Amino acid sequence: MAKYKRFEETYSQGMEYLTLRNLQAVLGDSQYEALCRIKLLDTLDTYTQQGAYAAFEQAVYALPEEKLNAETLNALFSELMQDYGCGEHGTEYDSVNWTQITHLYEMPFYMLSYCVSVDSAMQIYEKALEDPDEGWETYSALLDSPELPFLDALEDGGLESPMSEGRAEAVVAL
């Protein structure tokens with residue numbers, strides 16, 4: 001079961017994008033445009049929030065042991081959430097919200113997987129925008145490749161590595 005873990009987020013987010021693409025046929029134009037805007041804003045939020053969480057995680061691991069206390073961690077998290085523009089709930093909420101992010105305890109450094117998977121999902125979506133069948137074929141190829149290393153499976157499916165040069169610009173262009 002563990003070998004599928006690296007694909008879970010791509011499967012989930014890819015399906016969201018493929019479903020979005022297929023809803024165009026059943027929604028009115030304004031509804032479809034609103035739904036696309038919401039999903040793309042959600043994607044932007046994924047990049048931003050996960051970046052903030054990763055920065056927090058790295059900063060915590062860099063702290064000397066004597067600084068590892070609730071006051072320091074709360075202040076650090078609040079500051080980073082504000083810096084990344086994720087401080088929508090106010091300082092008090094932001095300062096303790098890190099305690100509710102289970103990935104920080106259960107799977108350190110997992111935050112990157114969200115950004116990697118959303119990039120892969122957006123590549124599937126881009127293919128679906130050009131040709132809906134190609135989007136589904138690419139998604140299906142990933143479903144059939146869980147035994148491969150993640151980047152090899154992406155390459156076999158005709159997708160670029162999320163870490164390749166120019167990927168961020170390609171996402172923005174969508």
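Here the structure is a predicted model, which means the values were calculated and not measured.

Undergrad: Looking at this structure, how should I read a negative patch on the surface?
TA: On the surface, Glu130, Asp131, Asp133 and Glu137 cluster together into a patch of negative charge. Take Asp131: it is sitting in the loop between α7 (111-130) and α8 (132-143).

Undergrad: Any chance you could explain the side chain of Ser145 here in plain terms?
TA: Tracing the sequence through the fold places Ser145 in the loop between α8 and α9 (150-156). Ser145 has contacts with Phe7 and Ala153, leaving out every residue within four places of it along the chain.

Undergrad: Would you mind showing me how to read the environment of Glu134 here?
TA: Along the chain, Glu134 turns up in helix α8. Taking the C-alpha atoms as reference points, Glu134 and Leu73, separated by 61 residues in sequence, lie 46 Å from one another. A distance of 3.3 Å separates polar atoms of two side chains, one belonging to Glu134 and the other to Lys127.

Undergrad: Sorry if this is basic, but what is going on with the packing of aromatic side chains here?
TA: Any pair of aromatic rings gets described here by the distance separating the centres and the angle formed by the planes. What the rule picks out here adds up to seven aromatic pairs. Ring centres of Tyr17 and Tyr125 lie 4.7 Å apart, and the angle between their planes is 40°; on these two criteria the pair is classed as tilted. Note that Tyr17 is positioned in helix α2 (residues 8-23) and Tyr125 in helix α7, a separation of 108 residues in sequence. In this structure, Tyr17 and Tyr125 share a single accessibility class: buried. Between Tyr53 and Phe77 the ring centres are 6.0 Å apart and the planes differ by 20°, which places this aromatic pair in the stacked class.

Undergrad: So what exactly am I meant to see when it comes to the nonpolar core here?
TA: The tendency in soluble globular proteins is for nonpolar side chains to be buried as a group. The biggest cluster of nonpolar side chains holds 16 residues, and the ones touching the most others in it are Phe56 and Phe77. Of all elements in the fold, only α3 (29-62) and α4 (70-83) reach the threshold of two or more residues within this core. Top element by residues in this core is α3. It accounts for six residues. Every residue in contact with Phe77, bar those within four places of it in the chain, is listed here: Tyr53, Phe56, Asp94, Ser95, Asn97, Trp98 and Ile101.

Undergrad: I'm lost on the packing of α2 against α7 in this one. Help?
TA: The description of two packed helices rests on the angle between their axes and on the distance between the axes. Axis separation between α2 and α7 bottoms out at 8 Å; the angle between their running directions is 30°. Put simply, α2 runs roughly parallel to α7. Here α2 and α7 pass one another in a crossing that is right-handed. Note on element contacts: α7 touches α2 through Ser113, Tyr114, Ser117, Val118, Ser120, Ala121, Met122, Ile124, Tyr125, Ala128 and Leu129, opposite Glu9, Thr10, Gln13, Gly14, Tyr17, Leu18, Leu20 and Arg21. The class makeup of the residues in the contact of α2 with α7 is 11 nonpolar, six polar and two charged.

Rules behind the numbers
- Residues numbered from 1 in each chain as written.
- Predicted model: local features only at pLDDT ≥ 70, side-chain atom pairs only at ≥ 80, totals over all residues.
- Heavy atoms only, no water.
- Patch = residues over 30% accessible without salt bridge, like charges linked within 9 Å, V, L, I, M, F, W, Y side chains within 5 Å.
- Areas by Shrake-Rupley, 256 points an atom, 1.4 Å probe, with all protein chains shown as cover.
- Salt bridge = Lys/Arg side-chain N within 4 Å of Asp/Glu carboxyl O.
- Lys, Arg positive; Asp, Glu negative; His and termini not counted.
- Charge placed at Lys NZ, Arg CZ, Asp CG, Glu CD.
- Helix = DSSP H or I, 4+ residues; strand = E, 2+ residues; numbered from the N terminus.
- Contact = heavy atoms within 4.5 Å.
- Polar contact = N/O pair within 3.5 Å; in protein donor to acceptor, adjacent residues only side chain to side chain.
- Phe/Tyr/Trp six-rings, centres within 6.5 Å; stacked < 30°, edge-to-face > 60°.
- Buried < 20%, exposed > 50% of the residue type's maximum accessible area, 1.4 Å probe, protein only.
- Core = buried A, V, L, I, M, F, W, Y, C linked by side-chain atoms within 4.5 Å.
- Axes fitted to C-alpha atoms, helices over the stretch in contact; angles between N-to-C directions.
- Parallel < 35°, antiparallel > 145°, perpendicular 65-115°, else oblique.
- Left-handed = near helix turned anticlockwise from the far one by under 90°.
- Nonpolar A, V, L, I, M, F, W, Y, C, P; charged D, E, K, R; others polar.

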